[in-house]
Amino acid sequence: MRVLLVEDDDGVADALVEALGAHGHEPRRVARGVDALTAHRDFDLLLLDLGLPDQDGLEVLRKVRRVADVPILVLTARGDERSIVRGLRSGADDYLVKPVRLAELLARMDAVVRRGAARTGTADRVVRVGDVEIDLDARRVVVAGRDVALTTKEFAVLAVLASRPGTAVSRQQLMDEVWGDAYLAVSRTLDVHLTQLRAKLDRPGVIATIRGFGYRLSADA
Ligand code: CA
């Protein structure tokens, strides 16, 4: 993907540009906030430092957010809770504290871009499996003509599976999409939500377990 790296530290920037390029991305680096404001339209993702020489990265974040919904991942040395909350509230899709592990950065980049694509998707968003009907936009689930009340997380788990019916989805990917972060999500939490979800649907075949991998919404239960 085309990545705009906004970073004033030459050492950090050079290392990241090289690493991203080596993993098939097309990074371009700018060092000032003002450059980010003029360049962001040509990119699939922004990696944004907060400590910039000409203006605060949070200000850059807010300005970009006013005009564009390009995914923005904050990459900063500011690791205190207040800064993280301010970053996310200002419109960042994710927030990573330096020094960052490359594998984690790459995974988070993929996750925020995937979520962005899901937001703007326009496909038919009602999935039917037997007498189970899942309306992804209305966030409504009907089984045999009756509404089933799901919690936000239960629906989120089901929605990930329903967005690609018949396709196996790994536990890692489920946690990544539902919690936004497979590293933070506790595996057992997923089990709890899945157990409740299956009990509420009361259709044992609809969510199949793929042992050692993950789950699949049956294409025709
Ligand atoms: Ca900096």
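Since this is a predicted model, take the numbers as computed values, not measurements.

Definitions and cut-offs
- Along each chain, the written sequence defines residue order, and numbers are assigned to residues from 1.
- Local features in a predicted model are, by the rule used here, given only for residues with pLDDT of at least 70; side-chain atom pairs are given and counted only at 80 or more, and totals for whole chains, interfaces and linings are based on all residues.
- Side-chain measures were taken over the full set of non-hydrogen atoms in the model, leaving aside hydrogen atoms and water.
- Secondary structure elements follow DSSP: runs of H or I no shorter than four residues count as helices, runs of E no shorter than two count as strands, and numbering proceeds from the N terminus.
- Here a residue-residue contact requires only that any non-hydrogen atoms of the pair lie within 4.5 Å.
- In this listing, donors mean N, O and S atoms no farther than 2.8 Å from the metal, or 3.2 Å for Na, K and Ca; water is missing from the atoms, so a site can look incomplete.
- Summary of the burial criterion: residues with accessible area below 20% of their type's maximum are buried, those above 50% are exposed, and those between are partly exposed, where the area comes from a 1.4 Å probe applied to protein chains only.
- Here the expected length of a helix is defined as 1.5 Å per residue gap, with one fewer gap than residues.
- Directions drawn from the helix axis to the C-beta atoms are what define this arc.
- Think of a polar contact as two N or O atoms within 3.5 Å of one another; within protein, one of them needs to be a possible hydrogen donor and the other a possible acceptor, and neighboring residues in sequence only count if both atoms come from side chains.
- Should DSSP find at least two bridges between two strands, the strands are regarded as paired.
- Axis definition: a line fitted to C-alpha atoms, over the contacting stretch in the case of helices. Angles run 0 to 180 degrees between N-to-C directions.
- Here, nonpolar core refers to any group of buried Ala, Val, Leu, Ile, Met, Phe, Trp, Tyr and Cys residues whose side-chain atoms link them within 4.5 Å.

### What to know about the side chain of His 40
Here comes step 1: Residue position: His 40 is located in the loop between helix H2 (33-39) and strand S3 (45-48).
Here comes step 2: Leaving out residues up to four positions away in the same chain, His 40 has contacts with Leu 4, Leu 46, Val 64, Val 67, Ala 68 and Val 70.

### Description of the coordination of the calcium ion
Here comes step 1: Within the protein, the calcium ion binds to Asp 8 (OD), Asp 49 (OD) and Gly 51 (O); these donor distances fall in the range 2.2 to 2.3 Å.
Here comes step 2: Along the chain, the residues donating to the calcium ion are arranged with the sequence spacing D-x40-D-x1-G. With a gap of 41 residues between them, Asp 8 in the loop between strand S1 (2-6) and helix H1 (10-22) and Asp 49 in the loop between S3 and helix H3 (57-67) connect regions that are remote in the sequence.
Here comes step 3: Since its relative accessible area comes to 33%, Asp 8 is described here as partly exposed.

### Let's talk about H1
Here comes step 1: Here H1 is 13 residues long and its end C-alpha atoms lie 18 Å apart, about the 18 Å a rise of 1.5 Å per residue gives.
Here comes step 2: For H1, the set of buried residues is Ala 13, Leu 16, Ala 19 and Leu 20. Along H1, the residues classed as buried sweep out an arc of 140° about the axis, all on the same side. Structural note: H1 exposes Glu 18 and Ala 22 on the side pointing more than 90 degrees away from its buried face.
Here comes step 3: After H1 finishes, the residue Gly 24 shows a positive phi value of roughly 85°.

### As for the side chain of Glu 7
Here comes step 1: Within the element layout of this structure, Glu 7 appears in the loop between S1 and H1.
Here comes step 2: At 2.9 Å, the side chain of Glu 7 forms a polar contact with the backbone nitrogen of Asp 9.
Here comes step 3: Residues contacting Glu 7, with those up to four places away along its chain left out, are Val 12, Ala 13, Arg 29, Val 30, Ala 31, Asp 49, Leu 52 and Lys 98.

### A few points about the pairing of strand S8 (residues 140-143)
Here comes step 1: Sheet analysis places strand S7 (residues 132-135) next to S8, joined by four bridges and oriented antiparallel. Considered in S8, the bridge of Ile 134 is made with Val 141.
Here comes step 2: Hairpin connection from S7 to S8: four residues lie between these consecutive antiparallel strands, with Arg 139 at a positive phi of about 55°.
Here comes step 3: The antiparallel pairing of S8 with strand S9 (residues 146-148) creates a hairpin that spans two residues between the two strands, and Ala 144 there sits at a positive phi of about 50°.

### Here we look at the sheet that holds strand S11 (residues 207-210)
Here comes step 1: Taking strand neighbours across the sheet as the criterion, the three strands line up as S10-S12-S11 in an open arrangement whose pairing is antiparallel. The open sheet has two edge strands with one neighbour each: strand S10 (168-170) and S11. For this sheet, the mean angle separating the axes of adjacent strands, direction not counted, is 30°.
Here comes step 2: Across the face of the sheet, helix H6 (residues 152-162) comes into contact with S10, S11 and strand S12 (214-217) while running at roughly 70° to S12.
Here comes step 3: Of the strands in this sheet, S11 and S12 are in contact with helix H8 (residues 187-201), which crosses S11 at around 145°.

### So, the nonpolar core
Here comes step 1: Counting residues in each nonpolar core, the largest one holds 28 residues, and the members touching the most others are Ile 134, Val 141, Leu 158, Leu 174, Leu 201, Ile 207 and Leu 217.
Here comes step 2: Put simply, the parts of the chain that give this core at least two residues each are strand S6 (126-129), S7, S8, H6, helix H7 (171-179), H8 and S12.
Here comes step 3: At seven residues, H6 tops the list of elements feeding residues into this core.
Here comes step 4: Beyond its immediate chain neighbours, meaning those up to four positions away, Ile 134 contacts Arg 125, Val 126, Val 127, Arg 140, Val 141, Phe 155, Leu 158, Ala 162 and Leu 217.
Here comes step 5: Membership of the second largest hydrophobic core comes to 20 residues, among which are Val 6, Leu 52, Leu 58 and Leu 61.

Bear in mind that shape data such as this cannot, by itself, settle questions of function.
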